[in-house]
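Survey of secondary and tertiary structure
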Amino acid sequence: MFDSIRLYETFINRVNPLSKILMATLLFVTVLLIHNPNTLLYFLLFNLILLIILSGIKPQYILALLGAIFISGILSSTYMILYGQGDTTLYRLGIIHISQESLIRGIHVAMRGVILSLFGALIIFTTRITDIFYALMIHLKLPPKYAYSFMAAIRMVPLIISEYMQLRQAKKVRAPLINKKYVTGFAAVKSTIITLLSQSIRRSYRLSIAMESKGFSNNKRSFYRETSFSRLDLYFFLLLLISLLISIYLSQHCFIFNTNDARSI
Amino acid sequence: MSAEDMRIPMKVSKDDLFIQGLDLNFPEEKKTFNKLNLHIKAKEKVLLLGPSGSGKSTLLNVLGGLIPSVIHASMQADNIQLISNKAFVFQDPDAQFTMPTVEEELAFVLENLQLPKVEIRDKALQILESLNLPVSLDTNINTLSGGMKQKLSIASALLQNPSCLFLDEPSSMLDEAARKTLWNTVESIWDNLTVIIIEHRVDYIWDKVDRVLLMNKNGEIVADDTPQNILDNCLKQLNNLGVWHPYSWEQAPVFKKIKPEEAILTVEDLTIRRKDKTLFTVDKLTVNKGEWLTLEGPNGSGKTTFLNSIMKLIPSHGSIKFKGKVIKKTKDIVGQVYPVFQNPELQFITHKVYDEIFINMENLFDIQQAQKETESLLKAFDLSHVAHLNPLELSMGQKRRLSVATALGGLPDLLLLDEPTFGLDQKNTFDLLNHFHNLISEGTSIIMISHDYNILKRYPSRRLEIRNGQLIEKEVSYV
C-alpha cells in the first residue's frame, strides 16, 4: 500500500504480520506498566529511531506523520496538564492550574500514546494488508470468505474517495443555481451518503458475483503467499527488548525528569 | 438428475448448452422468461442483442449457472444442460478484482482451483504473455487503464481453463481503441471455446460471431440467425428495438449546420499541470456562440481536466475569459457554463427525478410556472414516466438524459459534456444528439469529449484534439 512512498525495504517487511500484532499487544501492556517517565522518554527515542531507520519511508512523509503524532500527543495530555492535581504550582488562571506534578503526569501519558503510535506506524508502513490476511487465514484459520471480503473492500476505498471528490465538484457547479437548503446541512449529508452508499453497494454486489464466478468459495484453497515464522521475528523481538532494557538502564543513571515514578510525585 | 438427463434430445451433445421451457422471475417483478428454449452448440460464438430490460444479462447468467446458485431468482425449466467449466468477464472494470496487484489477482483465481503454490507464478506470467499484456506482476491494478483491466479479466477467466466463456458487455466502458484491442484479444483465444457475448457496440464483432440472438422487451427471442441473415431480414426490428447494428449510423439524425455568432469563451496561454508535470498547453482557443466543438485525445491526456479547468474546479495557469470577463473562480461563470460529468449518478442532489429538475426551476419561476416548466422539460427528455423514481434507479440512458436536463434551469451559454453518449444504445444516443442540436439552435454552445468516430465525423462544427501536450484544432471533414 505504501510502495509509492517507500525508499527501501528492511527486514521488518519480512517479519510475520502475526508476530508484529503480538508484539504491539505486548508493547501496549509494557508501556502501561512503566511508571518511570525517564524510561518512557528513552524508550520513545528508541522507537523514533527504529521508525526512521527501519520503515524505509521517504523522510518528508515520516516528518509529516511525526508532526501529527506529536500534536495529538500534546493534545491528549492537555487535560491532565491543565486540570491535574499537584502542590508545586507553576501557573494558575481561573480553573486552570498547572502544577509540576500535573505537567509531568501529562507528559508521561502523552509519551505512552506517542510510543504506541510510533511503533504502530512502523508496523503499518512495513506490512502489506494482504499479508496480514494471509497470515490470519494460514495460522489462525480465519475463513477465506471474511479475509477476501476485507481485501476486496479495501480496494474500494480509493474509488469511494474519488467519487466523493466528484460529488463535491458537482455540488459546486449546481449550488448557485438552486436553493441553498438542498446543498447544505443535513440534506447535503444525506444525499452524499445515499449516493456513495448506493454506488458502493452496487459495486460490491457486482464484485461478489465476479468473485464467485472465478470459483471462489469458502472451501479448501491453496495459498500463494506463505507466511511463516522465521528468525527475523525473533530478531525484531530482541531488538525491541534490548531497547527497552537499555532505556531502563539509562533511566537509572541519567535523569531528565526529576522523579522515577509519575504516580507518586 | 439422471432422469432429467434422459430427456435431453439426442441431437444435443454433452458439450452443448441446452434449455427447454425456461420460466424465470425475480421477486416483485414481472416474469422475465416464459417457456424459453435455446440450444447453443459447442464452440459456437453467439451474440445476444436486445434493449435494456430485455433480460439478456439474466439469460447469460442462467446459461453460466450464476442463476439460481449465486443470484437468487425463482427458476424452473423442463430440461436444462449447462457446462461446468466456464468463466466470465463482466462490464465494470472496477468491480471485478478482489486483490490489489496483478500477481495477487491472478493467484486468487489459481488458489480457488487449489493449484500448488510453486506453479502459480509461472502460470500467471505465461497468461500475461500470451495475452500480450505487458505489465509486471507487482503492478497495482488501480493504476491500469480500463482496457488493460479488462484484458486482465480475460486473463483471469482463461486461467480457469473454461470450455465456455461468457462476456457481459466487456467493452462498454472502454474507448474505441481499447475496444478494438480487446475484441482482437478475445478473437485470438476463442477458437476452442463456446463464447456467449452481450455487447452494445457491435462494430468489431458482428462479422466474427456465428449467430445472433435478438431479444425484445418481453424477454422473448425474436430472431435467431447468422449475422448476415439478421441484417438482411431484421433491420427494421433492430431499429425498433433501438440496438446498435453495423448500419445504425445510416439512420443517424442529420442536422442543419448552424452559423456561429460572436465569441463567448476565450482561453489564452493556458497550462494544465498534474502533479508537477505539465500535461498540456493551450495557446489560444476561442469558442463562439452556437458552435458544437468536440475534444479528442488518448486516455489520460487531460480532456476531463481541461473541462474542469475551464470551470475553475482545478487550478491552472493562463487566462480564461467568458464574455469578455476574466474568470477567476468557479462562481464567476457557474450557471452560464455548465459541466455534465461522465458519471451521471454523481451529479444528482435530490432523491426524486422530478425534484432534480424542479429545484432548478423554483428559483426562476413562481411555483405553478415552475411545476409546468419542470413537467415540460421532463417530457422533452422522455422522463415523465419515471419522474417519481430515485435518480439512481434509472437506466443508464435515462440517467444521462437527466444529468443533461439538470443544466437547463435557465439556458446555459456553454455546456461542457464529458463523453455523454458513452455506453448508450442506438436509440438513447440519437435522442441525446437531437437534444444537443436543439440546445445549439437555441443559442447554447457545446464542448463535448467524445471518442466515437461516428459522432466526430458527423456533428461537430470544429474538432479539438490534445496531441503531444498541446491542444490543437483538427480539420473537419464530414461523411
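Residues numbered from 1 in each chain as written. Chains lettered and ligands numbered in written order. Predicted model: local features only at pLDDT ≥ 70, side-chain atom pairs only at ≥ 80, totals over all residues.

**Considerations on the UniProt feature "domain: ABC transporter" (unreviewed entry) in chain B**
Residues and elements named next belong to chain B. Let me state the cut-off plainly: UniProt positions are given in the numbering used here, feature names are shortened, and annotations may be inferred rather than shown by experiment. The helix and strand labels rest on DSSP assignments: H or I over at least four residues marks a helix, E over at least two residues marks a strand, and numbering proceeds from the N terminus.
UniProt annotation of "domain: ABC transporter" (unreviewed entry) refers to residues 12-243 and 265-479 when read in the numbering used here. Helix makes up 34% of residues 12-243 and strand 22%, with an end-to-end C-alpha separation of 31 Å. Between the C-alpha atoms that bound residues 265-479 the distance is 28 Å, and the span itself is 30% helix and 28% strand.

**Observations concerning the nonpolar core**
Side chains of a nonpolar character, in soluble globular proteins, are inclined to be buried together. Note the threshold: As used throughout, a nonpolar core is a set of buried Ala, Val, Leu, Ile, Met, Phe, Trp, Tyr and Cys residues joined through C-beta atoms within 7 Å of each other. Partly exposed residues are those whose C-beta has more than 12 but fewer than 20 other C-beta atoms within 10 Å; with 20 or more the residue is buried, with 12 or fewer it is exposed, and the C-beta atoms are placed from the backbone. Remark: residues whose backbone-derived C-beta atoms lie within 7 Å of one another are considered to be in contact.
Counting 75 residues, the largest nonpolar core has L47(B), L48(B), L106(B), I196(B) and I197(B) as the members making the most contacts within it. Non-local contacts of L47(B), meaning those with residues more than four positions away in its chain, are made with I197(B), E199(B), V202(B), I205(B), V209(B) and V212(B). Core analysis: the next-biggest nonpolar cluster, separate from the first, contains 56 residues, I178(A), V267(B), L346(B) and M361(B) among them.

**Some thoughts on the environment of L174(B)**
All names here are of chain B. With respect to the helices and strands, the residue L174 is situated in the loop between β7 (164-168) and α7 (176-189). Expressed as a C-alpha distance, the spacing of L174 and T374, which sit 200 residues apart in the sequence, is 34 Å. For L174, the contacting residues outside a window of four places in its chain are G146, G147, Q150, R179 and L182.

**Points about the confidence of the model for chain B**
Threshold: Scored between 0 and 100, pLDDT is the confidence that the predictor attaches to each residue.
Of the residues in chain B, 99% have a pLDDT of 70 or more, and the chain-wide mean is 90. Two summary scores accompany this predicted model of the complex, namely pTM at 0.84 and ipTM at 0.87.

**Quick notes on the environment of K56(B)**
Residues and elements named next belong to chain B. Inspection of the secondary structure puts K56 in helix α2 (residues 56-63). Since 26 C-beta atoms lie within 10 Å of it, K56 is described here as buried. For the pair formed by K56 and N216, sequence separation is 160 residues and the distance between their alpha carbons is 9.3 Å. Each residue touching K56, except ones within four places of it in the same chain, is listed here: L48, G50, I198 and M215.

**With respect to the pairing of strand β13 (residues 292-296) of chain B**
On any regular strand, side chains alternate: one points to one face of the sheet, the next to the other face. Residues and elements named next belong to chain B. Let me state the cut-off plainly: Strands are treated as partners if at least two bridges between them are detected by DSSP.
Counting buried residues along β13, five of its five residues qualify, which places the element largely inside the surrounding structure. Across four bridges, β13 lies against strand β19 (residues 462-467) in parallel orientation. Bridge assignment links T294 to a residue of β19, and that residue is R463.

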